[in-house]
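Remarks on the overall topology
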Amino acid sequence: MRTIAVANQKGGVGKTTTAVNLATALAASGHRVTLLDFDPQGNASTGFGVPRDRRHPSSYDLLFDPELAAAAAQETLVPGLFLVPAVEGLAAAEIELSGQPNAAGRLKAAIQKLPACDWLFIDCPPSLSLLTLNALVAADGVMIPLQTEFYAMEGLSQLLKTIEQVRARQNPRLDIEGVVLTMHDRRNRLSDLVAADVRAALGARVYETMIPRNVRLSEAPSHGMPALLYDMRCPGSEAYMALAREMIGTPAKAA
């Protein structure tokens, strides 16, 4: 199992959209995939149409009772893809864990008890919080969705610094899996300029595949399904399938 934390402390960059649709694309390619919703907002759970009264056991429960891991992984509409849902109570976990032994390693211990799979994606909250730190300690790699707009690079250096600190102190195997350029608009010259700047700064860490700004990607969660099920031929779905192929065909990029 390769564990990937999908992280960016900036909100609205396509983080959950990437986690949901990339997991779906890999499952559609024949891989066994688990998506762990680790954001108290529970958007990934909503994106798979899981009602709030069916989100137990949840990722919150994993932190305090890892024995619930097997029961927490729910089947989804996508064959081979399982979801560990999130509840709003996850927001309180940081307070409850604060000061406890191994507070940043709780998730790492819990995911060992999840059903076997090829890929585990952790959809992190939009912050550099104790929850995100748990995800980084548990992960083999970090995937960073980055919006191709003016403020794209703002805050990225802080995330990269956090990754370096986690690697040095708690998880030496942690790599940058890759940077995904999202919400790209080829009609907008600024999008191309930002994409070029990001590639110049981060080089081979940036995936060739870019995710376009696409209305179908925005509509799909309201129907409780990934975009690849909602409209598999839309540009957004095709981009995530291309990203999955690139990800499978390219070894993890060293940071």
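In this report, the structure presented in the accompanying data block is examined. (Residues numbered from 1 in each chain as written. Predicted model: local features only at pLDDT ≥ 70, side-chain atom pairs only at ≥ 80, totals over all residues. Heavy atoms only, no water.)

On to the pairing of strand β6 (residues 141–147). In terms of residue burial, β6 counts as a mostly covered element, since 7 of its 7 residues are buried. Residues Gly141, Met143, Pro145 and Gln147 line one face of β6 and the alternating positions Val142, Ile144 and Leu146 line the opposite face, and both faces are buried. Following the backbone out of β6, through helix α8 (residues 156–169) and into the adjacent parallel strand β7 (residues 175–184), one traces a crossover that is right-handed. (Buried < 20%, exposed > 50% of the residue type's maximum accessible area, 1.4 Å probe, protein only. Helix = DSSP H or I, 4+ residues; strand = E, 2+ residues; numbered from the N terminus. Right-handed = clockwise from strand over helix to strand, strands pointing away.)

What follows concerns the side chain of Asn21. With respect to the helices and strands, the residue Asn21 is situated in helix α1 (residues 15–28). A polar side-chain atom of Asn21 sits 2.9 Å from the main-chain carbonyl oxygen of Thr17. Among the polar contacts listed, one links the side chain of Asn21 to the backbone nitrogen of Ala227, at a separation of 2.8 Å. Beyond its immediate chain neighbours, meaning those up to four positions away, Asn21 contacts Leu217, Pro226, Ala227, Leu228 and Tyr240. (Polar contact = N/O pair within 3.5 Å; in protein donor to acceptor, adjacent residues only side chain to side chain. Contact = heavy atoms within 4.5 Å.)

Now for the sheet that holds strand β3 (residues 74–75). If you walk across this open sheet you meet the 8 strands as β3-β4-β2-β5-β1-β6-β7-β8, and the pairing is mixed. Edge positions in the open sheet fall to β3 and β8 (206–212), since each of these has one partner strand only. Bridging between strand β1 (residues 2–6) and β6 involves 3 bridges; their strand directions are parallel. Within the sheet, the bridge partner assigned to Val6 lies in β6 and is Met143. Sitting on the sheet, helix α7 (residues 130–138) is in contact with β1, β5 (119–123) and β6, with an inclination near 150° to β1. (Pairing = 2+ DSSP bridges. Axes fitted to C-alpha atoms, helices over the stretch in contact; angles between N-to-C directions.)

Attention now moves to the side chain of Gln9. When you line up the elements, Gln9 lands in the loop between β1 and α1. Within polar-contact distance, the side chain of Gln9 engages the backbone oxygen of Gly155 at 2.6 Å. Not counting the four nearest positions on each side in its chain, Gln9 is found in contact with Pro126, Ser127, Leu128, Gly155, Gln158 and Leu159.

Let us look at the environment of Val84. Along the chain, the position of Val84 falls in strand β4 (residues 81–84). Considered as a pair, Val84 and Ala71 are 13 residues apart in the sequence and their alpha carbons are 9.0 Å apart. Ignoring any residue separated from it by four or fewer positions in sequence, one finds Val84 in contact with Thr34, Leu35, Leu36, Asp37, Ser58, Ser59, Leu62, Ala72, Ala73 and Leu114.

Where a protein is soluble and globular, its nonpolar side chains tend to be buried together. Formed by 50 residues in total, the largest nonpolar core has its most connected members in Leu36, Phe38, Leu107 and Leu114. Setting aside chain neighbours within four positions, we find Leu114 in contact with Leu36, Leu62, Ala69, Ala73, Val84 and Leu120. Counting residues in each nonpolar core, the second largest holds 32 residues, with Ala44, Val50, Leu83 and Trp119 among its members. (Core = buried A, V, L, I, M, F, W, Y, C linked by side-chain atoms within 4.5 Å.)

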